[in-house]
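Residue strings, one per chain:
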Amino acid sequence: MLYRLAHFLRDKLSWAWNIVEWLNGLVFWIRYRKKLSAFSFTTIPDGYDLVPLSIIPSTDMVLFFNHQPEEAYTYFMPHGFDEKSIERLQRNRAFLGYVLVDKKNSKIGGYCFNRCFFHGQGFRGRMVDIDYRGKGLGTAMNKILNEVGFGIGLRLFETVSKNNVASYRSAISASNVKIVKEMPENELYLEILQG
Ligand SMILES: CC(C)(COP(=O)(O)OP(=O)(O)OC[C@H]1O[C@@H](n2cnc3c(N)ncnc32)[C@H](O)[C@@H]1OP(=O)(O)O)[C@@H](O)C(=O)NCCC(=O)NCCS
């Protein structure tokens, strides 16, 4: 319900969405800032640095998104991919975004986020660079999102298409999941379970 309302506001009433997003970020920050500052990751894959989205130059993120083939966006449409949209996400304190940077060449291998809501829910999303697919980064990023999300006490959700085999399998591999709802067009609304 909340997820659908968020999508409706984002797509149809962008001015209202901006206000809701700002307020949500503020209340989320007040509620979770202490837990977030006490939290540290233990699940970073070897050979990568985990860097918060907020300190990555937005131009690097645009290059990352431009480097992905069209098919990568079939099931991945969480936000705009231009500099302005990325900078807005970077200012949003309820948007916990991270990138995995390859230590060998400083390239971004993957991007993931928990889009959080002040009342204690987070929605996961991830994208692995086309040159880094099939190496376990998708599954690793799910673990990263679980670690921080559960670490600060959120309930985590995501939508995944059964047609997006890699995404569905990496969601299952890294987590116990419960199907909350079967949605149209083969989409599943999942709750990620702890442990
Ligand atoms: C979904 C995505 C993140 C997976 O990333 P990845 O790093 O390639 O995935 P992993 O290497 O961690 O593999 C995860 C699982 O999918 C399987 N898999 C990976 N690529 C596959 C493919 N092309 N076809 C079938 N299965 C595949 C792996 O074997 C693995 O399964 P297992 O855990 O049962 O062994 C990546 O394909 C992607 O960025 N897609 C575009 C964006 C997107 O759709 N994001 C998800 C929606 S939020």
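Anything mentioned here points back to the structure above.
Residues numbered from 1 in each chain as written. Predicted model: local features only at pLDDT ≥ 70, side-chain atom pairs only at ≥ 80, totals over all residues.

**Q** Whenever I open this one, the site of the ligand confuses me. Can you help?
**A** Lining the immediate environment of the ligand, one finds 21 residues, of which Arg 133, Gly 138, Ala 166, Ser 170 and Ser 173 sit closest. Residue assignment for the shell around the ligand shows that the elements contributing at least two residues are β4 (121–128), α5 (137–151) and α6 (165–174). In terms of residue count, α6 provides more of the shell around the ligand than any other element does, six residues in total. Tallied by class, the residues present in the shell around the ligand amount to eight nonpolar, nine polar and four charged. (Near = placed C-beta within 6 Å. Helix = DSSP H or I, 4+ residues; strand = E, 2+ residues; numbered from the N terminus. Nonpolar A, V, L, I, M, F, W, Y, C, P; charged D, E, K, R; others polar.)

**Q** When you look at the pairing of strand β6 (residues 176–183) in this model, what are you seeing that I'm missing?
**A** When you tally the buried positions in β6, you get zero out of eight residues, a small fraction of the element. Relative to strand β7 (residues 187–193), β6 runs antiparallel, the two sharing seven bridges. Bridging across to β7, Lys 181 finds its partner in Tyr 189. Hairpin connection, β6 to β7: the antiparallel pair is bridged by three residues, and Glu 185 has positive phi, about 60 degrees. (Buried ≥ 20, exposed ≤ 12 C-beta atoms within 10 Å, placed from the backbone. Pairing = 2+ DSSP bridges.)

**Q** Hey, could you run me through helix α3 (residues 58–66) in this one?
**A** What sets the pattern is the α-helix's 3.6 residues per turn: residues three or four places apart point alike. For α3, the full list of buried residues reads Met 61, Phe 64 and Phe 65. Across the axial projection of α3, the buried residues extend over an arc of 95 degrees, all falling on one side. Exposed and facing more than 90 degrees away from the buried side of α3 are Thr 59, Leu 63 and Asn 66. In this fold, the buried residues of α3 make contact with α4 (83–91) and β3 (108–117). (Arc of directions from axis to C-beta. Contact = placed C-beta atoms within 7 Å.)

**Q** What am I meant to see in the packing of α5 against α6 here?
**A** Packed helix pairs are specified by the crossing angle of their axes together with the interaxial distance, meaning the distance between the axes. Running from amino to carboxyl end, α5 crosses α6 at an angle of 50 degrees, the nearest separation of the two axes being 8 Å. Classified by the interaxial angle, the pair formed by α5 and α6 is oblique. Along this stretch, α5 crosses α6, giving a crossing that reads as right-handed. Contacts between α5 and α6 involve Gly 138, Thr 139, Asn 142, Lys 143 and Asn 146 on the former and, on the latter, Ala 166, Ser 170, Ala 171, Ser 173 and Ala 174. (Axes fitted to C-alpha atoms, helices over the stretch in contact; angles between N-to-C directions. Parallel < 35°, antiparallel > 145°, perpendicular 65-115°, else oblique. Left-handed = near helix turned anticlockwise from the far one by under 90°.)

**Q** Teacher, can you tell me more about the pairing of strand β5 (residues 155–161) here?
**A** Regular strands show a simple pattern: their side chains alternate between the two faces of the sheet. Here three bridges tie β4 to β5, and the two strands are oriented parallel to one another. Within β5, the position partnered with Gly 122 by the bridge is Leu 156. Assessed by its sense of winding, the connection that carries the chain from β4 through α5 to β5 is right-handed. Two elements, β5 and β7, share six bridges in a ladder whose sense is antiparallel. Looking at β7, one finds that Val 160 is bridged to Leu 188. (Right-handed = clockwise from strand over helix to strand, strands pointing away.)

**Q** Whenever I open this one, the sheet that holds β7 confuses me. Can you help?
**A** Strand pairing within a sheet occurs via backbone hydrogen bonds; the two strands may be parallel or antiparallel. A sheet is described by the order of its strands in space; here seven strands give the open sequence β1-β2-β3-β4-β5-β7-β6, paired in mixed fashion. Both edges of this open sheet fall to β1 (48–52) and β6, since each of them pairs with a single strand only. Strand-to-strand twist across the sheet, computed as the mean angle between neighbouring axes with direction ignored, equals 25 degrees. Pairing between strand β2 (residues 95–102) and β3: seven bridges, direction antiparallel. Each bridged residue has a counterpart across the sheet, and for Tyr 98 the counterpart in β3 is Cys 112.

**Q** Just to check I follow, could you spell out the environment of Glu 21 for this structure?
**A** Mapped onto the elements of the fold, Glu 21 is located in helix α2 (residues 14–38). Spatially, the C-alpha atoms of Glu 21 and Gln 121 are 14 Å apart, while their sequence positions differ by 100 residues.

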